[in-house]
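# Coordinate inspection notes
Each chain, letter by letter, is given below.
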Amino acid sequence: MKKLVFSALTALTLISTAHAQQVVRIGTLADYAPFEYKDASGKLQGMEIEIGNKMCASMKVTCQWVTMDFDALIPALKARQIDAVLAQMSRTAEREKSVDFSRIFTTAPVHLVAKKGSGISNQPATLRGKTVGVQTASTHESYFRNRLPTSSSGINVKVYQSLDSAWLDLESGRIQAVFADSTVAHDWLSKGGQQAGFALAGQAISDDAIFGAGTAIAVRKGDSKLKAQFDQAILGVHKDGSFQSVNKRYFPFSILPQ
């Protein structure tokens, strides 16, 4: 009898282990609305969190969201503290030296945001002598460091750990513009920035070599299995309409890759 009980318990343990879901630790942000943010109760919310959970369900994995600063994401991935990054990270040639990326997940143009009537536009000359806020380790910071360094352009760049701080400084007049994706710019403008007299300044700024082709999910170099899982999951939410459905609740324009 004891042998039968032991055998049954062993069998149940093996079955449980066999059916245990893979755990994927996803590094993300907690202060990049509307993609990732914490609500009043401290729960992680946002467009990428919603769609990320849908993808995890389709992959039949258990996702654990790990929040940290943007500039800590790739180091944490390489150190195996997380398994993937879903945080509006642009897929660029420079980053591909350190990590592998999934297929493109979202796309959005890049804009300056400034006070209406300030004269600031996408033309560099309109920024001479002014200070522009950017998020640290972002492609927006790279653009100014590589294309418009202060020494030659006369444009000052202030780097922020979080865009939340940049928006506060813009509204208070401590900086004259913020350089960011049109998605997060739209979110801030719609929640009070526009009412305070701010708007997108000039045309979108294009530079594929700096900004890449869009955002994607980063995984460790050589992790072809997880990359393939995310590729399939992204294709699924793009094709079944679930991406578009969530997109419409956050933006009046599409960020679906064309």
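Figured I'd write up the structure that's included with this text. (Residues numbered from 1 in each chain as written. Predicted model: local features only at pLDDT ≥ 70, side-chain atom pairs only at ≥ 80, totals over all residues. Heavy atoms only, no water.)

## With respect to the packing of helix H2 (residues 47–59) against helix H10 (residues 242–250)
Describing two packed helices takes the angle between their axes plus the distance from one axis to the other. Running from N to C, H2 and H10 point in directions that differ by 165°, and their axes come no closer than 10 Å. In this view, H2 runs roughly antiparallel relative to H10, as classed from their interaxial angle. Helix-helix and strand crossings are classified by hand; for H2 and H10 the assignment is right-handed. In this structure, H2 uses Met47, Glu50, Ile51 and Lys54 to contact H10, whose residues at the interface are Ser242, Phe243, Val246, Asn247, Arg249 and Tyr250. Taken together, the residues of the contact of H2 with H10 sort by class into 5 nonpolar, 2 polar and 3 charged. (Axes fitted to C-alpha atoms, helices over the stretch in contact; angles between N-to-C directions. Helix = DSSP H or I, 4+ residues; strand = E, 2+ residues; numbered from the N terminus. Parallel < 35°, antiparallel > 145°, perpendicular 65-115°, else oblique. Left-handed = near helix turned anticlockwise from the far one by under 90°. Contact = heavy atoms within 4.5 Å. Nonpolar A, V, L, I, M, F, W, Y, C, P; charged D, E, K, R; others polar.)

## Section: H2
Taking 1.5 Å per residue, 13 residues should reach 18 Å; H2 reaches 18 Å between its end C-alpha atoms and fits that length. What H2 keeps buried is the set Met47, Glu48, Ile49, Ile51, Gly52, Met55, Cys56 and Met59. Positioned one or two residues after H2, Lys60 has a phi angle of 60°, which is positive. (Expected span 1.5 Å × (residues − 1). Buried < 20%, exposed > 50% of the residue type's maximum accessible area, 1.4 Å probe, protein only.)

## Re the packing of aromatic side chains
Throughout the structure, instances matching the rule amount to 11 aromatic pairs. For the pair Tyr32 and Phe35, a centre-to-centre distance of 6.3 Å together with 25° between the ring planes defines the contact as stacked. Assigned by exposure class, Tyr32 and Phe35 land together as buried. With 5.3 Å between their ring centres and 25° between their planes, Phe251 and Phe253 make a pair best called stacked. Feature note: the residues Tyr32, Phe35, Phe251 and Phe253 constitute an aromatic cluster, connected by ring pairs. Taking the ring centre of Tyr37 as reference, the NZ or CZ of Lys191 above it sits at 5.8 Å. (Phe/Tyr/Trp six-rings, centres within 6.5 Å; stacked < 30°, edge-to-face > 60°. Lys NZ or Arg CZ within 6 Å of the ring centre and 35° of its normal.)

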